[in-house]
Amino acid sequence: MNLQVTTNLCEELKASKEVVERIVNDNISSKLDNYLNKFKKEDSEGFIKVTVNKNKKWLFDWNVNAVFDWETYRSEREDFKNLDDLINHLFDHIKWQLSDEKK
């Protein structure tokens, strides 16, 4: 599968872009790898878009939109303080959505 990953970060996190991308890629390779195998066709495409903003409380609002072989998955959370925990949490939700679909 041709997988394209994009991250859209608020201005306050621009300096952390490399760290965010590493955590996102770690989550893709460790949590989603087995679930994405079913989409491994020659002409399959996948997109993951991670977006983060800071809200008025100075906490993080995030969402992950994923499309694998034209099937859409979405997870979003608000008011998170810890960046690592939030990214891991969102990818857990995407994994659970893919897992539920297998049944």
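Let me sum up the structure you'll find in this document. This is a predicted model, so every value here is computed, not measured.

### Considering the sheet that holds strand 3 (residues 60–68)
Pairing in this open sheet of four strands is mixed, and the strands run 1-2-3-4 from one edge to the other. Every other strand in the sheet has two partners, leaving strand 1 (2–8) and strand 4 (71–80) as the edge strands with one partner each. The sheet shows a mean angle of 10 degrees between the axes of neighbouring strands, direction not considered. Across seven bridges, strand 1 lies against strand 2 (residues 45–54) in parallel orientation. Looking at the pairing, Thr7 lines up with Val50 of strand 2. Packing against the sheet, helix 1 (residues 17–36) makes contact with strand 1, strand 2 and strand 3, and its axis sits at approximately 145 degrees to strand 1.

### Let's talk about unusual backbone geometry
Here Asp69, not a glycine, exhibits a phi torsion of approximately 50 degrees, which is positive. For Asp69, the position within the fold is in the loop between strand 3 and strand 4. Here the phi dihedral of Asp79 falls at roughly 60 degrees; this positive angle occurs in a residue that is not glycine. With respect to the helices and strands, the residue Asp79 is situated in strand 4.

What counts and what doesn't
Residues numbered from 1 in each chain as written. Predicted model: local features only at pLDDT ≥ 70, side-chain atom pairs only at ≥ 80, totals over all residues. Heavy atoms only, no water. Pairing = 2+ DSSP bridges. Helix = DSSP H or I, 4+ residues; strand = E, 2+ residues; numbered from the N terminus. Axes fitted to C-alpha atoms, helices over the stretch in contact; angles between N-to-C directions. Contact = heavy atoms within 4.5 Å.

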